[in-house]
Amino acid sequence: MMQDLFNTVWPYVAALIPSVGVLWLFAVVMKHIVEGDRRERAALAEWDADQGARDSAAAQPHSERDAESDPVG
């Protein structure tokens, strides 16, 4: 009886194993792609913030100390 059940069910299980394996592989690859994109966007946002801070610091006028020591200012 157990042998009959095994012989009946095994072809279906054997047919589904490759599909389940490919689905698992697809899920793992997509997870890594999404996580990589998330990390790249965070790094890009951090870089943009650093560049914005650097640009705004360069655009600010001289400090008071520089103005006092500057004979023209």
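Preceding this paragraph is the structure being described.
Residues numbered from 1 in each chain as written. Predicted model: local features only at pLDDT ≥ 70, side-chain atom pairs only at ≥ 80, totals over all residues. Heavy atoms only, no water.

Tell me what's going on with the overall build of the protein chain, and back it up with residues and numbers.
Within the protein chain one finds two helices and zero strands. Here the protein chain, with 73 residues, has 0% of them falling under the buried criterion. If you sum the accessible surface of the protein chain, you get close to 6900 Å²; carbon and sulfur atoms cover 66% of it. (Helix = DSSP H or I, 4+ residues; strand = E, 2+ residues; numbered from the N terminus. Buried < 20%, exposed > 50% of the residue type's maximum accessible area, 1.4 Å probe, protein only. Areas by Shrake-Rupley, 256 points an atom, 1.4 Å probe, with all protein chains shown as cover.)

Pulling in residues and values, what's your account of helix H1 (residues 2–59)?
Given a rise of 1.5 Å per residue, 58 residues ought to cover 86 Å, and the 82 Å separating the end C-alpha atoms of H1 matches this to within 8%. The sharpest bend along H1 comes to roughly 35°, located at Val 9, with the proline Pro 11 sitting one to four residues further on. (Expected span 1.5 Å × (residues − 1). Bend = angle between axes of the 7 residues up to and from the residue.)

Got a sec to walk through the pattern of salt bridges? Specific residues and values, please.
Working definition: two side chains of opposite charge can pair if their charged atoms are close together. Counted by the stated rule, this structure contains two salt bridges. Among the salt bridges present, the one from Glu 35 reaches Lys 31, with a minimum N-O distance of 3.8 Å. Of the two residues, Glu 35 and Lys 31 both sit in helix H1, four residues apart, roughly one turn of that helix. You can call Glu 35 partly exposed: its relative accessible area is 23%. Accessibility expressed as a relative area gives 48% for Lys 31, which makes it partly exposed. Note that Arg 41 and Asp 37 form a salt bridge whose closest N and O atoms lie 3.0 Å from each other. (Salt bridge = Lys/Arg side-chain N within 4 Å of Asp/Glu carboxyl O.)

Outline a nonpolar patch on the surface, listing residues and values.
A cluster of nonpolar side chains, Met 2, Leu 5, Phe 6, Val 9, Trp 10, Val 13 and Ile 17, forms an exposed patch at the surface whose accessible area comes to about 700 Å². Looking at where Ile 17 falls in the secondary structure, it is placed in helix H1. What makes Ile 17 partly exposed here is its relative accessible area of 48%. (Patch = residues over 30% accessible without salt bridge, like charges linked within 9 Å, V, L, I, M, F, W, Y side chains within 5 Å.)

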